[in-house]
Structure formats: structure tokens, C-alpha cells
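# Structure assessment
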Amino acid sequence: MAVTIKSAREIDLMRESCRLLEEVHDELGRFIKPGISTWDINRYGEELIRERGGIPNFLNYNGYPASICVSVNEEVVHGIPRKDRKLKSGDIVSLDAGLIYKGYHSDAARTYPVGEVSQEVMQLIEVTRQSFFEGIKMARAGNHLYDISNAIDDYVSKFGYGIVRDLVGHGVGTSLHEDPQIPNFRQNRRGIRLMSGMTLAIEPMINLGRYEVEWLDDDWTVVTCDGLPSAHYENTILITENEPEILTLSK
Ligand code: MF3
Ligand code: CO
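From a predicted model like this one, the values you see are computed outputs, not experimental measurements. (Residues numbered from 1 in each chain as written. Chains lettered and ligands numbered in written order. Predicted model: local features only at pLDDT ≥ 70, side-chain atom pairs only at ≥ 80, totals over all residues. Heavy atoms only, no water.)

### Digging into the overall build of the chain
This is how it is decided: Numbering of helices and strands runs from the N terminus, with a helix taken as a DSSP run of H or I at least four residues long and a strand as a DSSP run of E at least two residues long. When we talk radius of gyration, it's over C-alpha atoms, and the globule rule is simply 2.2 Å times the number of residues to the 0.38. Per-residue accessibility, obtained with a 1.4 Å probe over protein chains only, is compared with the maximum for each type, and a residue is labelled buried under 20%, exposed over 50%, and partly exposed between these values. Any pair of residues with heavy atoms lying within 4.5 Å of one another is described as a contacting pair. Each accessible area value is a Shrake-Rupley result obtained with a 1.4 Å probe; residue values ignore everything except the protein chains displayed when judging cover. Only four residue types enter the charge count, namely Lys and Arg as positive and Asp and Glu as negative; His and the chain termini do not. The atom standing in for a charge is NZ when the residue is Lys, CZ when it is Arg, CG when it is Asp and CD when it is Glu.
Scanning the chain from N- to C-terminus turns up four helices and 15 strands. Computed over the C-alpha atoms, the radius of gyration of the chain is 17 Å, within 12% of the 18 Å expected from 2.2 N^0.38 for a compact globule of 251 residues. Taking the principal axes of the C-alpha coordinates as reference, the chain spans close to 45 × 40 × 35 Å. Here the chain holds 251 residues, and 56% of them are scored as buried. When contacts within the chain are restricted to residue pairs at least 6 apart in sequence, long-range pairs at least 24 apart make up 71% of them. Just so you have it, the chain exposes about 10800 Å², and 48% of that area is on carbon and sulfur atoms. In the chain, which carries 27 positive and 38 negative side-chain charges, the distance between the mean positions of the two groups comes to 3 Å.

### Comments concerning the coordination of the cobalt ion (ligand 2)
Note the threshold: Atoms are scored as donors when they are N, O or S and lie within 2.8 Å of the metal, with 3.2 Å used for Na, K and Ca; no water is included, so coordination may look incomplete.
Taken together, Asp-107 (OD), His-170 (NE2), Glu-203 (OE) and Glu-234 (OE) make up the full set of protein donors to the cobalt ion (ligand 2), lying 2.0 to 2.2 Å away. Written as a sequence motif, the donor arrangement for the cobalt ion (ligand 2) is D-x62-H-x32-E-x30-E. Here Asp-107, found in strand β5 (residues 104-113), pairs with Glu-203, found in the loop between β9 (199-202) and β10 (205-207); they are 96 residues apart in sequence, far enough to count as distant. For Asp-107, a relative accessible area of 3% gives the class buried.

### Some words on the packing of aromatic side chains
Just so we agree on the cut-off: Planes of paired rings set the category: under 30 degrees apart is stacked, over 60 is edge-to-face and the rest tilted, where pairs are Phe, Tyr or Trp rings (Trp by its six-membered ring) whose centres lie within 6.5 Å.
Applying the stated criterion across every chain, the model contains seven aromatic pairs. Ring centres of Phe-31 and Tyr-44 lie 4.6 Å apart, and the angle between their planes is 40°; on these two criteria the pair is classed as tilted. Within this pair, whereas Phe-31 is found in helix α1 (residues 8-31), its partner Tyr-44 is found in helix α2 (residues 38-51), the two being separated by 13 residues in sequence. Measuring from ring centre to ring centre gives 6.1 Å for Phe-133 and Tyr-233, while their planes differ by 35°; the resulting arrangement is tilted. Of this pair, Phe-133 sits in helix α3 (residues 119-136) while Tyr-233 sits in the loop between β13 (230-232) and β14 (235-238), placing them 100 residues apart in sequence. Looking at Phe-133, the relative accessible area reads 19%, which means it is buried. Taken together through their ring pairs, the aromatic side chains of Phe-132, Phe-133 and Tyr-233 make up a single cluster.

### Structural notes on the site of ligand 1
We apply this condition: In this text, near means that some heavy atom of the residue lies within 4 Å of the molecule or strand in question. For this analysis, a polar contact is any N or O atom pair within 3.5 Å, provided that within protein one partner can donate a hydrogen and the other can accept it, and provided that sequence-adjacent residues contribute only side-chain to side-chain pairs. Put simply, the grid is 1 Å and covers the protein atoms alone, a cavity is a trapped set of points that fit a 1.4 Å probe, a pocket is an open set with protein on both sides within 12 Å along at least five of seven lines, and lining residues have an atom within 4 Å of a point. To decide whether a molecule occupies a pocket or cavity, check its atoms: if more than half lie within 2 Å of the grid points, it is inside. Here the term charged refers only to Asp, Glu, Lys and Arg, the term nonpolar to Ala, Val, Leu, Ile, Met, Phe, Trp, Tyr, Cys and Pro, and the term polar to all other amino acids, Gly among them.
Around ligand 1, the neighbouring residues are Phe-58, Tyr-61, Tyr-64, Cys-69, His-78, Asp-96, Asp-107, His-170, His-177, Glu-203, Trp-220 and Glu-234. Contact between ligand 1 and Asp-107: an oxygen atom at 2.9 Å from a side-chain N or O atom of the residue. Between ligand 1 and His-170, the relevant distance is 3.1 Å, taken from an oxygen atom to a side-chain nitrogen or oxygen of the residue. Considering ligand 1 on its own, with 330 Å² of exposed area, one finds that the protein chains cover 96% of that surface. If you map ligand 1 onto the pockets, it falls in the largest pocket. Among the residues forming the shell around ligand 1, the class breakdown is five nonpolar, three polar and four charged.

### Here's the deal with helix α4 (residues 145-157)
Formally: The length a helix should cover is 1.5 Å for every residue beyond the first.
Along its 13 residues, α4 runs 19 Å from first to last C-alpha, staying within 8% of the 18 Å computed at 1.5 Å per residue. Of all the 13 residues making up α4, 10 are buried; the element is thus mostly covered by neighbouring parts of the structure. Residues of α4 that are buried: Leu-145, Tyr-146, Ile-148, Ser-149, Asn-150, Ala-151, Ile-152, Asp-153, Tyr-155 and Val-156. Looking at the buried positions of α4, the neighbouring elements they touch are α3, β6 (162-163), β8 (178-182), β9 and β10.

### Looking at the layout of surface pockets
Using a probe with the size of a water molecule, rolled over the atoms, empty space left in the structure can be pinpointed. Operational definition: Grid points are joined across faces, edges and corners, and a volume is the space filled by probe spheres set on the points.
A volume near 430 Å³ is recorded for the largest pocket. If you list the elements that add at least two residues to the lining of the largest pocket, you get β7 (169-171) and β8. It is β8 that provides the largest number of residues to the lining of the largest pocket, a total of three residues. Every residue lining the second largest pocket is listed: Arg-110, Thr-111, Tyr-112, Pro-113, Met-122, Ile-125, Glu-126, Arg-129, His-232, Tyr-233 and Leu-249. Residue assignment for the lining of the second largest pocket shows that the elements contributing at least two residues are β5 and α3. For the lining of the second largest pocket, the class distribution of residues is six nonpolar, two polar and three charged.

### Some points on the pairing of β9
What counts is decided by this rule: Whether two strands pair depends on DSSP finding at least two bridges between them.
Where burial is concerned, the two faces of β9 agree: the one with Thr-199 and Ala-201 and the one with Leu-200 and Ile-202 are both buried. Direction of pairing for β7 relative to β9: antiparallel, over a ladder of two bridges. Note on β9: the bridge partner recorded for Gly-171 is Leu-200.

Below you can see the structure in the form of C-alpha cells.
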């Protein structure tokens, strides 16, 4: 499938979809505390999406059985919410959520500390978030796609963290996953030229230890091979002639 350029009307719809998703994430962030289960997060998240008129786009996507991906500690992404998986102080939890509004998909992820976490793990969360912002400094019309990938890698590598290679960012629009794929690690080519009107989900997944990941037997949950924690940060952005608009982050 080709990379899509959104019209002014489509961009407005993307803005609306993403604004609603930002609200959902803000509420979920306030909900995180020791003692809640990952299923509680999913249930609340689905309610927040639906009460805004959105449809959870992850639910039943290729058979994924929930609306919010909830990944704890060494789980990188696509954790399946469970009633018997309770958060405790010292955990970190990554929430990946998306919705469809008037036919347009939004996609964003945040990683939160639960209670008190170690300095080491807090830095992982902060560097992962910052790597997104380092990447999108390059995200403007006329630059090339892999300028974003290389900027993320340059920043993260200074900390010695592992950058997940098996999963990447992507275009987003009338489908959750559109072209192009957007790696978070260094590429030896420039990639496509960025154009105004592209909407992209940029989503670094960063491991405290080594970059290798594997899949659990549920065929969804991605975990680090070394068992060390992983963080995820994602926003849907709009490419413009100047700085990108971060559609899932208005503040
Ligand atoms: N947010 C994920 C992504 O960026 C989508 C989750 S796929 C699901 O690709 F099936 F788990 F929902
Ligand atoms: Co995504």
C-alpha cells in the first residue's frame, strides 16, 4: 500500500480522533496505582474510548482480545490484560491505546512508573520519551524518513540501551497500520521523502538491556530476551512544512 497524504478535511478528522485519544491517555495515567489489575486498565480504557464516541481499534485486530495493550516490566508491547495481573510498586507499565473516530485511527503509547521505581528504570522511561522528541526534530517536509530513525538511534545509543528492531512505527489514517514502516534504529538509506499531510505513528520501544525480544506462547506478548524492563512511547504526528504537529499531545 502506498503512503497516504491526507487532505485538509482528513487532517481535521485525524486531529479530532487524536485529541480524544490524548484525553483517554491522560485519564488512564491518573488511574495507575499499585493494586489495580491490567484488566482494570483495559476495562476503564475501553469505557473512556466509547464514552467519547470512539471505537477501540485494537479490539479484535488480528484477533487481539482487548482494547488497551498493557505491558508490565520486561513485557515490551502487546501485553494482554488479565484480572490476575496486579500492578505493584516498583513496576513500570506501558499502555498502548488507539481509537477510531469518524473513520480515522489514532495511536499512542505511554510508560508509567507504579509507586516508587528505581532511578535506573525512571531514566529508561525518560530517555524513551525523549527519544521520540529527538526523532521528530527531523520530521518535516523535505527531510527523509530515516532521518527520524537515525536521530532516535543516535540519542538512545548514548545510554547503552537496546533498541527493539522487530517492531517499528508506521503510517496511520483510515487504517491503523499504513505505509511506511518507521524503524527506531539506524538505517543505511535515507528512506522516502517526507511530505506535508503524512500522518505517522512514531513509537520507540527501548530496552534497559539488550535489544532482542521474543514472543510468549499467547502469540501476542512481546518480552525482552534478557528479562530486563522495556519502555514505549508513541504519538501520532502530522508532517508539515515546519515543525510536526503532535496530534496525540496538545500540551
Ligand atoms: N499500537 C500498536 C501499534 O502501534 C497496535 C497494537 S496491535 C494490537 O502497532 F493488535 F495489539 F492491537
Ligand atoms: Co503504533
